[in-house]
Amino acid sequence: MSSSPDSRPVIAIDGPAGAGKSTLAASLAARLGLDRLDTGAMYRAVAFAALRDGVDPADARAVAELARRLRIDVGPAVRVDGVDASRELRGPAVTSVVSAVAANPEVRREMVRRQRAWVEAHSGGVIEGRDIATVVLPDADLKIYVTASEAERARRRALEAEATANDLDPSAVAADLARRDHLDSTRQSSPLAVAEGAVVVDTTDRSVEEIVEEVLTRL
Ligand code: C5P
């Protein structure tokens, strides 16, 4: 472990939607007694607030201003300006605009600043997203890039949609996933990519326990 003995490790997890980032992040955090930050929830919170306030997600300046003044608390529940928006954040309206909002460089600048501050305040932790190991925390103690087959990722997202009672047609979930992956990987500002030195893990046919054991040997 490259962190000093009295500080806690920083673990960065990136990967496309439905690859298994959250499951792995939760298991690693529980196992190591670390706090966890879902940065996707932060971009979703900005998208949610834009819809809430009638701000056009394509209006880069207005969305950036909104992002800077927004209060976002990411915990077991996600509170936006003090209101629990956990369910809406996973719903189809937010999901359909979040990648456009996340492609906004000024929004990213603000979220990255908050994410680094979170790590500082928590003295380490498990942070998941798309650009964590490449941009936010390139010096993380452990960098993990998770993937899974497209079919498996769509299946997981459909289950998640059911679980949050945002009932969606499975083919719509698959189409949305492919569209979002494309936007996230091809945008100019911090596209999804495998960081230098990242451990690449395919979660398609493997249990979370097995993956946790494997990645812990790298820490
Ligand atoms: O992880 P989740 O699917 O909730 O992320 C929602 C969206 O937020 C992604 O599709 C991506 O556009 C954006 N995102 C990002 N950078 C991160 C985390 C999420 O651009 N670090």
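Residues numbered from 1 in each chain as written. Predicted model: local features only at pLDDT ≥ 70, side-chain atom pairs only at ≥ 80, totals over all residues. Heavy atoms only, no water.

This part is about the packing of helix α2 (residues 39-53) against helix α5 (residues 92-102). Axis separation between α2 and α5 bottoms out at 8 Å; the angle between their running directions is 110°. Regarding the angle of α2 to α5, the classification is roughly perpendicular. In this structure, α2 contributes Y43, R44, V46, A47, F48 and L51 to the contact, and α5 contributes A93, V94, T95, V97, V98, V101 and A102. A breakdown of the residues in the contact of α2 with α5 according to their chemical character gives 11 nonpolar, one polar and one charged. (Axes fitted to C-alpha atoms, helices over the stretch in contact; angles between N-to-C directions. Helix = DSSP H or I, 4+ residues; strand = E, 2+ residues; numbered from the N terminus. Parallel < 35°, antiparallel > 145°, perpendicular 65-115°, else oblique. Contact = heavy atoms within 4.5 Å. Nonpolar A, V, L, I, M, F, W, Y, C, P; charged D, E, K, R; others polar.)

Our next topic: the packing of α2 against helix α6 (residues 105-122). The contact between α2 and α6 brings their axes to 11 Å, and the two run at 140°. What the angle tells us is that α2 and α6 run oblique. As α2 packs across α6, the resulting crossing turns out to be right-handed. Each of T39, M42, Y43 and V46 in α2 lies in contact with α6, whose residues at this interface are V107, R108, M111, V112, R114 and Q115. (Left-handed = near helix turned anticlockwise from the far one by under 90°.)

Even without a glycine there, the phi angle at D81 is positive, about 50°. Summarising the element assignment, D81 is placed in the loop between β4 (78-80) and β5 (83-84). In this model, S190 sits at a positive phi of 50°, which is unusual for a non-glycine residue. Its location among the elements puts S190 in the loop between α9 (170-186) and β8 (199-202).

This paragraph deals with the site of the ligand. In the region of the ligand, 17 residues are neighbours, and R44, R108, R180, D184 and R187 sit closest. Between the ligand and R130 there is a distance of 3.0 Å, counted from an oxygen atom to a side-chain nitrogen or oxygen. When the ligand is considered free in solution it has 460 Å² of accessible area, and contact with the protein chains removes 99% of it. Of all elements in the fold, only α2, α5 and α9 reach the threshold of two or more residues within the shell around the ligand. When residues of the shell around the ligand are assigned to their parent elements, the largest contribution, four residues, is made by α2. A per-class count over the shell around the ligand returns four nonpolar, four polar and nine charged. (Near = heavy atom within 4 Å. Polar contact = N/O pair within 3.5 Å; in protein donor to acceptor, adjacent residues only side chain to side chain. Areas by Shrake-Rupley, 256 points an atom, 1.4 Å probe, with all protein chains shown as cover.)

Attention shifts here to the nonpolar core. With 42 residues, the main nonpolar core has V46, V107, M111, I127 and L137 as its most contacted residues. Looking at this core, the elements with two or more residues in it are β1 (10-14), α2, α3 (60-69), β4, α5, α6 and α7 (132-136). With nine residues, the top contributor of residues to this core is α2. Residues L28, L34, V126 and I211 belong to the second largest nonpolar core, which totals 18 residues. (Core = buried A, V, L, I, M, F, W, Y, C linked by side-chain atoms within 4.5 Å. Buried < 20%, exposed > 50% of the residue type's maximum accessible area, 1.4 Å probe, protein only.)

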